[in-house]
Amino acid sequence: MIKEDLKKFIAIPSIANDNEANQSAIDFIINILSPLGFKITTEGNSPYHQPVIVAKYNNTTSDKKVVLYGHYDVEKIKDWEKWDTPPFELNKKDNRYYGRGIADNKGILLTRLLAIKEMVENGETLPNILWIIQGEEEVGGETPFEVIPKYFADFGAKIYLEETGIYKNGKPVIFYLPKSEKEPDFLNSLNEKIYASEAIVENRNLNKFSKCPFLHNIPQDGYYIGFGPNDGLCNIHKDNESLNIQTLTDHKDIFKKFIHWVNTNKYL
């Protein structure tokens, strides 16, 4: 299931100023989330034809909340000749998937979308979710800075999940903020739930190439969390971008465990 949907998602060249491709990426995401009960709008007058997708899931029987973040746009191709395979075609080699956006952020985003889809279809409970999926990540555009603040302020969540994370030397890493000498009480339970307590915990954010509207707008009483399947071989923003197939596949179940954790954690 992941592979076939990935082929379709990677094939959409959702780069700045390509109106048709960006609309196709938006439609692709909406067609997954809308049947699951998410109320969705696209907002912001993006000069790059890359508005923000705001998807909200309301569970009136739960007070648990989480904000999710991702982006559907991808970095443009700077040198086509350096690619061993067509950038906008999913290819498999040496236990890795290759394609523009596979690691930043389409592979992870799609895996999380499909995880939520499976949970709903299996009758599992979801928390209240605010999912911000922006389109100007790679150009550092202003549209998300205009759209995001009001939603964060109104939603009132404690946990804000970054688009992805990394593995170091085969071990997963959990990022968290704000900076603190003492780890938040919930971190041990999160590590235990999603990684059987095997993750490295680092008090920092995922490295960014530009100012991040997601990170920038998290309220003072909110906690930033980051984890995901990326590694040192991903080649983000470069030729032959790739992602390990097994860690990507595993991320679907890890993300489900995270959602279960949000539903049951006493600290939230």
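Let me sum up the structure you'll find in this document.

Thresholds applied
- Residues numbered from 1 in each chain as written.
- Predicted model: local features only at pLDDT ≥ 70, side-chain atom pairs only at ≥ 80, totals over all residues.
- Heavy atoms only, no water.
- Helix = DSSP H or I, 4+ residues; strand = E, 2+ residues; numbered from the N terminus.
- Rg over C-alpha atoms; globule rule 2.2 N^0.38 Å.
- Buried < 20%, exposed > 50% of the residue type's maximum accessible area, 1.4 Å probe, protein only.
- Contact = heavy atoms within 4.5 Å.
- Areas by Shrake-Rupley, 256 points an atom, 1.4 Å probe, with all protein chains shown as cover.
- Lys, Arg positive; Asp, Glu negative; His and termini not counted.
- Charge placed at Lys NZ, Arg CZ, Asp CG, Glu CD.
- Axes fitted to C-alpha atoms, helices over the stretch in contact; angles between N-to-C directions.
- Parallel < 35°, antiparallel > 145°, perpendicular 65-115°, else oblique.
- Nonpolar A, V, L, I, M, F, W, Y, C, P; charged D, E, K, R; others polar.
- Core = buried A, V, L, I, M, F, W, Y, C linked by side-chain atoms within 4.5 Å.
- Expected span 1.5 Å × (residues − 1).
- Pairing = 2+ DSSP bridges.

### Structural notes on the overall build of the chain
Here comes step 1: In terms of regular secondary structure, the chain is built from seven helices and twelve strands.
Here comes step 2: Here the C-alpha radius of gyration of the chain, 17 Å, is about what a compact globule of 268 residues would show, namely 18 Å.
Here comes step 3: Across its three principal directions, the C-alpha atoms of the chain cover 50 × 40 × 40 Å.
Here comes step 4: Across the 268 residues that make up the chain, the buried fraction comes to 56%.
Here comes step 5: At a minimum sequence separation of 6, the contacts of the chain that also span at least 24 residues come to 77%.
Here comes step 6: When the accessible surface of the chain is summed, it comes to about 12,000 Å², and 46% of that surface belongs to carbon and sulfur atoms.
Here comes step 7: On the chain, the mean spot of the 32 positive side-chain charges and the mean spot of the 38 negative ones are 4 Å from each other.

### Let's talk about the packing of helix H2 (residues 19-33) against helix H3 (residues 102-121)
To describe two helices that pack against each other, one gives the angle between their axes and the distance between the axes.
Here comes step 1: Taken N-terminus to C-terminus, the directions of H2 and H3 make an angle of 20°; their axes are 10 Å apart at the nearest point. Viewed along their axes, H2 and H3 adopt a mutual orientation that is roughly parallel. Within the contact between the two elements, H2 uses Phe-28, Ile-29, Ile-32 and Leu-33 and H3 uses Leu-109, Leu-110, Leu-113 and Lys-117.
Here comes step 2: Each residue belonging to the contact of H2 with H3 can be placed in one class, and the counts come to seven nonpolar, no polar and one charged.

### What to know about the nonpolar core
Here comes step 1: Ranked by internal contacts, the top residues of the largest apolar core, which has 59 residues, are Ile-29, Trp-131, Ile-225 and Phe-258.
Here comes step 2: Among all residues touching Ile-29, those that are not within four sequence positions of it are Phe-9, Ile-53, Tyr-72, Leu-109, Leu-113 and Ile-133.

### Overview of helix H4 (residues 143-155)
Here comes step 1: Between its first and last C-alpha atoms H4 spans 19 Å; for 13 residues at 1.5 Å apiece the expected length is 18 Å, and the two agree.
Here comes step 2: Residues of H4 that are buried include every one of Thr-143, Pro-144, Phe-145, Val-147, Ile-148, Tyr-151, Phe-152 and Phe-155, and no others.
Here comes step 3: Buried-residue contacts for H4 involve strand S1 (39-43), strand S2 (52-57), strand S3 (65-71), strand S6 (128-134), strand S7 (159-161) and helix H6 (213-216).
Here comes step 4: Once H4 ends, the next one or two residues include Gly-156, with phi positive near 75°.

### Side note on the pairing of S2
Here comes step 1: Judged by how many residues are buried, S2 sits mostly within the fold: five of six residues are covered.
Here comes step 2: Of the pairings in the sheet, the one linking S1 to S2 comprises five bridges and is antiparallel in character. When the bridges of S2 are listed, Ile-40 appears paired with Ala-55.

Treat this as a map of the structure, not an account of what it does.
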